[in-house]
Amino acid sequence: MKAEALRIDADRLMRRLERLAAIGAIEGGGCARLALTDEDRAGRDLVVGWMRALGLEVAIDPIGNVFGLRRGREDVAPVMTGSHIDTVRTGGRYDGNLGVLGGLEAVETLNAAGIVTRRPIVVAFFTGEEGARFAPDMLGSLVYVGALALPAALDVVSIDGRRLGDELARIGYAGDAPPGVHRPHAYVELHIEQGPVLDAEGITIGAVADLQGISWQEIAITGQSNHAGTTPMRLRHDPGYAAAAIGGFLRDLARELGGSQVCTMGKVDLHPNLINVIAARATLTADLRNTDEALLREAERRLALFVGGLAHAEGVTIATRPLARFAPVTFDAGVVQLVERTAARLGYSCRRMTSGAGHDAQMLARICPAGMIFVPSVQGISHNPAEHTAPADLAAGANVLLHALLELAA
Ligand code: HGY
Ligand code: MN
Ligand code: MN
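Attention in this report is confined to the structure presented alongside it. Here the structure is a predicted model, which is why all the values come from computation and not from measurement. (Residues numbered from 1 in each chain as written. Chains lettered and ligands numbered in written order. Predicted model: local features only at pLDDT ≥ 70, side-chain atom pairs only at ≥ 80, totals over all residues. Heavy atoms only, no water.)

Observations regarding the nonpolar core
Next up, step 1: Grouped together as the largest cluster of nonpolar side chains are 105 residues, with contacts concentrated most on Val 47, Met 80, Leu 104, Leu 164 and Phe 331.
Next up, step 2: No fewer than three residues from each of domain 1 (3-211 + 328-408) and domain 2 (213-326) sit in this core.
Next up, step 3: Once residues within four sequence positions are removed from consideration, Phe 331 is found in contact with Val 208, Ala 209, Asp 210, Leu 211, Val 336, Ala 361, Gln 362, Ala 365, Ala 370, Gly 371 and Met 372.
Next up, step 4: Ile 246, Ala 286, Ala 299 and Ala 311 belong to the second largest nonpolar core, which has 24 residues in total. (Core = buried A, V, L, I, M, F, W, Y, C linked by side-chain atoms within 4.5 Å. Buried < 20%, exposed > 50% of the residue type's maximum accessible area, 1.4 Å probe, protein only. Domains from an automatic or database assignment. Contact = heavy atoms within 4.5 Å.)

A few points about helix 10 (residues 333-345)
Next up, step 1: Here helix 10 spans 18 Å end to end across 13 residues, near enough to the 18 Å set by a 1.5 Å rise per residue.
Next up, step 2: Buried residues of helix 10: Val 335, Val 336, Leu 338, Val 339, Thr 342 and Ala 343, and no others. One face of helix 10 carries all of its buried residues, which in axial projection span an arc of 155 degrees.
Next up, step 3: Structurally, helix 10 contributes buried residues whose contacts are with strand 7 (186-192), strand 8 (205-211), strand 17 (350-355), strand 18 (370-375) and helix 12 (391-408).
Next up, step 4: The opening residue of helix 10, the one whose side-chain oxygen lies 3.0 Å from the backbone nitrogen of Gly 334, is Asp 332.
Next up, step 5: Gly 347 sits one or two positions beyond helix 10 and adopts a positive phi of about 85 degrees. (Helix = DSSP H or I, 4+ residues; strand = E, 2+ residues; numbered from the N terminus. Expected span 1.5 Å × (residues − 1). Arc of directions from axis to C-beta. Polar contact = N/O pair within 3.5 Å; in protein donor to acceptor, adjacent residues only side chain to side chain.)

Notes on the coordination of the manganese ion (ligand 2)
Next up, step 1: At this site the manganese ion (ligand 2) is bound by His 84 (NE2), Asp 95 (OD) and His 191 (NE2), with donor distances of 2.1 to 2.3 Å.
Next up, step 2: Mapped onto the polypeptide sequence, the residues donating to the manganese ion (ligand 2) form the spacing pattern H-x10-D-x95-H.
Next up, step 3: Between the manganese ion (ligand 2) and the manganese ion (ligand 3), both coordinated by Asp 95, there is a metal-metal distance of 3.5 Å. In this pair, His 84 sits in the loop between strand 5 (79-83) and helix 3 (97-113) while Asp 95 sits in the loop between strand 5 and helix 3, placing the two residues eleven residues apart along the sequence.
Next up, step 4: In this structure Asp 95 comes out as buried when scored by relative accessible area, which is 7%. (Donors = N, O, S within 2.8 Å, 3.2 Å for Na, K, Ca; no water.)

Below, the structure written as structure tokens:
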């Protein structure tokens, strides 16, 4: 069959997505496979088994990134695709998984057609993309591109107090492939949009032109634990109040800056977290994002100012710790145009857009031309078990990926 006419097998893709979603399955059809947990190991084992069954040569690097290599006619730099298979605690079944299984589906389609591309093709999944258990997010791909030293990455401590290197060894994925293995000629990643744009506009494919900046920090507040009933308000130094004040400030900050600014207090823990005790301490996280680096810096500056004033007014001590900081990224114009051209040729509607979420592609963009293919998320829901993309849209994304890989690997 001519390469032009090639299409992926949508049912086979759906079967793999369902099979992987069964690992760490949670109420509502989603997945819980936090990085380097037993569920993540089971997901990794399943995908590695599929890679081997497809004849891919599997390499695992020292941070647990996994690469399945499909040889080409020439031994030159490969075209790489992939994403992540770790999820947040209340994840959907497509975030990350679609990019990895879409890559495997493209490989199986090429195998069935007996097509060998000039360049090798690599399907990868990167360790701990979510950053929800071990910060920062995109940790595995950050190490892969050399932007985070391996020893520092191995020493990252999770929100549940485990050292990353120990967890990696425990699940058996501390690999020995040389760091930066299979340095790619180009990288293209298929991913669900996770936002409302494509679904609202009835467009099938997103050609991702850029990706917004990300600033994560942990804010630790220490005050004076006391009796909720006997302590007059004027004598309180209340971390619980301070945490709530910061949460409210984050919403006001996003409103004041407007534009693409988003602010989220996703995690907040009080100690001892009891109804009649003024908390001794509070620990919360702030996730700030903006497409504009200067505005993101302004958001960080205003938050720091507010936190300083609050500490003084409430008589608490507040320590902040950066967890992730990535500037906005612009993807390679050639790859963006390739995605648009391929979508048009295959008859899919397409528009350029920005990614609100972080992705491994933003790290690969530091070492090679990189870009992304988005497919719609119904009502823009993600990081939620209700995350859904229509099977026809999943197949459309995988077809665009297949043909983009064919062109890049020619
Ligand atoms: O946080 C993010 O944007 C991604 O889901 N890791
Ligand atoms: Mn993702
Ligand atoms: Mn995610």
